[in-house]
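Each chain, written out:
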Amino acid sequence: MNDPEADYYRLRTEWLRFKSHLFDSLTSLPSLPGVIEDVRKLLEAQRGVEVVYVNLGRSGWHEKELGWAAYDRVVKDFAGALKLLREKGVLTPHDIVCLNTVRSDRFLVFLAGGEAGLSAAARRDRLMQSIRGLIAAAPAGSALRSVRLAAGHARVGEHPMTRSERAIQHAVAESILISLAEREGIDAARHEDLSRIIQGAGIRSVFHPILRLADGAVLGHEALSRVSMPNGFDSVEGLFAFAESTDLIVDFERVCRATAIRSALTRPHPGLLFLNASARAVLDPEWFSGETEAQLHSAGLRPQDIVVEITERVAVGHHDGFEQALRSLKERGYRVAVDDMGAGHASLQTLASIEPDFLKFDTSLVRDIDKSSIKRSLLESLRILADKIRARVIAEGVEREGERATLLALGIEFGQGFLFHTEGH
């Protein structure tokens, strides 16, 4: 390779490395270092700029819940929502949108002034209202709908004795601190709401049937908890996710578990009772102290009638103590199911060590399976995996007869979903 050609490839490599620090490939947005000169010019032109900071990730639970690949789609969709706001005129061509750093979920919007009849504060408030409106309008089932934003704002003021670039950095830091203070206040109020739910036992159980696809025979019911939502929460999923991040999760799941066991008395021929459990709930001493078994006895149930349901994500994140707890539960007669199979976390080795009695295939694999050869191939492969570890298979989210027939043809034994719901479930 001659010297000019070598120089070309060296310079190209350096440029690509430089570009990767300035532009985010996932969202196609620049990072703050990539636009700071534009912000400086905007600041000098209008003597002040409002910066709005929006954090999708908060404490990180959302990505842990979804997995990084699905969360990447949330970040990309949110960036798309900001672009849509520009098309709608909520953001002007002079407003600057960027990420705090590349590969992040923390967005910055620098609002240019000059819009007739609107102050900087009014534009900021309209922006946040529009963002929340787009999230609420996301398609049903979109993970973007469950995002709870943390936001802050600050004003970048021009001062002749201050370097503009540092003034911008200081304002960004201030907006982040404001978002953290606001988040702490919101989380404190939500913690109190959760405590009241636990103390008041403001929880009821609903039961979704799990049927044999061939003849409709009832295998059992999954108990799902419902609560009268306080203002701090906008969904049951958000409530459980918040609870899992607090010191109240074990107490909360104890109340949910006791309510489900007590409510099972009202079910005619309930079959097996599937109870969802987080990793920390699996380690709850009540399973092993006799307290839970006393509750079961009062409801006419035995440990052999209970299936402890953990998610595939929890299964992968297990440690020695968690695995030992599951083994102890099985020795006492409880059965174990792994939920959300197909979400991309578990390995054959992980599942073999847990020895689940049931694998529940994720709704995303089941929906419209009669119309997708790829989904049929994937589900058939997972069924073969289940056979290898001697686990029985349940397909979740069955909504149409075409899906049921296809699942049955693939050798899937059981199903769960709206197709099988009857009045009272």
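Relevant structure appears above.
Analysis parameters
Residues numbered from 1 in each chain as written. Predicted model: local features only at pLDDT ≥ 70, side-chain atom pairs only at ≥ 80, totals over all residues. Heavy atoms only, no water. Salt bridge = Lys/Arg side-chain N within 4 Å of Asp/Glu carboxyl O. Helix = DSSP H or I, 4+ residues; strand = E, 2+ residues; numbered from the N terminus. Buried < 20%, exposed > 50% of the residue type's maximum accessible area, 1.4 Å probe, protein only. Axes fitted to C-alpha atoms, helices over the stretch in contact; angles between N-to-C directions. Parallel < 35°, antiparallel > 145°, perpendicular 65-115°, else oblique. Contact = heavy atoms within 4.5 Å. Nonpolar A, V, L, I, M, F, W, Y, C, P; charged D, E, K, R; others polar.

The next subject is the pattern of salt bridges. By the definition in use, this model includes 29 salt bridges. Where Arg 257 meets Glu 286, a salt bridge forms, and the shortest distance between an N and an O atom there is 3.5 Å. With a gap of 29 residues between them, Arg 257 in helix H8 (residues 249-263) and Glu 286 in helix H10 (residues 286-289) connect regions that are remote in the sequence. Both residues of the pair, Arg 257 and Glu 286, belong to the buried class. Here Glu 413 and Arg 392 are joined by a salt bridge, their closest N and O atoms 2.8 Å apart. Within this pair, whereas Glu 413 is found in the loop between helix H17 (401-409) and strand E12 (414-416), its partner Arg 392 is found in strand E11 (residues 392-396), the two being separated by 21 residues in sequence. Arg 392 sits in the partly exposed class, given a relative accessible area of 34%. When salt bridges with common partners are traced through the structure, they connect Glu 37, Arg 40, Glu 44, Arg 163 and Glu 165 into a single cluster.

What follows deals with the packing of helix H6 (residues 164-200) against helix H7 (residues 236-244). Contact pair H6 / H7: the axes reach a minimum separation of 11 Å and the direction vectors enclose 100 degrees. Of the possible angle classes, the one that applies to H6 and H7 is roughly perpendicular. Contacts from Asp 187, Arg 190, His 191, Leu 194 and Ile 197 of H6 reach H7 at Gly 238, Leu 239, Phe 242 and Ala 243. Here the contact of H6 with H7 is built from residues that sort into five nonpolar, two polar and two charged.

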